[in-house]
Every structure is written in structure tokens, then in C-alpha cells.
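# Summary of structural features
What follows is each chain in one-letter form.
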Amino acid sequence: MLLITFEAKVTDADREAVLAMAQLAMSPTRAEPGCISYDVLVDVEDPNRILWVEQWRDARAFETHQRAPHIQQFLDEATPLIADTQLVIHTISASQEVTLPG
């Protein structure tokens, strides 16, 4: 399984436009084969910091996602509006659910 984090900075003027573009890509992304989860988050301390957190079954599913038309459209439209990006790919070979006390 892959855990992907993508962080981007936007300006006050561009934040709503980038979030609207991300919203348009969300449903088709979540429907892709191999997508376990796909979330877009806004930092509560810095609303101009947007974080994508994605889980994919495997590298092939993520690579297919990157070529999907809705992602290409998002990248074409959003790239000029974002800065200071960071993409991190974590490969996870095992995980365990833990029950919290209380």
C-alpha cells in the first residue's frame, strides 16, 4: 500500500479556486480502482497550506491516477496557483488497527 502526502501553499486570493478544483477531482479520484482513501485538508493554523492525503492499493494504481484526465486537468489549472509543493510517497508493508482506551 502507498500513503501519499502532497502539500502546497497558495495565496489568499487563490485558495478558494484551488480548493474548488480539488473538489472537482475528488469524486472521480475516489472512484478509481485502487483508491483506498483520498482527502484534501486545510491547515487550521495556516489556511493557505493545503494537504492531500491519499492511500493507494499499490504503485500501479497511483501511477494510473496520475495519468487520469481529471488529475491532468487539476494539475494544468492549479499548478500556476500553487507554490512550495512537497510530494512524499510512503510504502507500507503492514498496518495494525489499534483500539484507543475510553
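For the structure, check the block above.
Residues numbered from 1 in each chain as written. Predicted model: local features only at pLDDT ≥ 70, side-chain atom pairs only at ≥ 80, totals over all residues. Heavy atoms only, no water.

Counted by the stated rule, this structure contains 7 salt bridges. Measuring nitrogen to oxygen at the nearest pair gives 2.8 Å for the salt bridge that ties Glu7 to Arg49. Within this pair, whereas Glu7 is found in strand β1 (residues 2-9), its partner Arg49 is found in strand β3 (residues 49-56), the two being separated by 42 residues in sequence. Glu7 gets classed as buried once you look at its relative accessible area, which sits at 19%. The partly exposed category is assigned to Arg49, whose relative accessible area is 24%. For the salt bridge of Arg15 with Asp12, the shortest nitrogen-to-oxygen distance reads 3.4 Å. Placement of both Arg15 and Asp12 in helix α1 (residues 12-30) is noted, with a separation of 3 residues, approximately one turn of the helix. For Asp12, a relative accessible area of 56% gives the class exposed. (Salt bridge = Lys/Arg side-chain N within 4 Å of Asp/Glu carboxyl O. Helix = DSSP H or I, 4+ residues; strand = E, 2+ residues; numbered from the N terminus. Buried < 20%, exposed > 50% of the residue type's maximum accessible area, 1.4 Å probe, protein only.)

Let us look at helix α2 (residues 59-67). Of all the residues in α2, the buried ones are Ala61, Phe62 and His65. The buried residues of α2 all sit within an arc of 95° when viewed along its axis, so they share a single face. More than 90 degrees from the buried face of α2, the exposed residues found are Arg60 and Arg67. Contacts made by the buried residues of α2 are with β1, α1, β2 (35-42), β3, α3 (69-78) and β4 (83-91). (Arc of directions from axis to C-beta. Contact = heavy atoms within 4.5 Å.)

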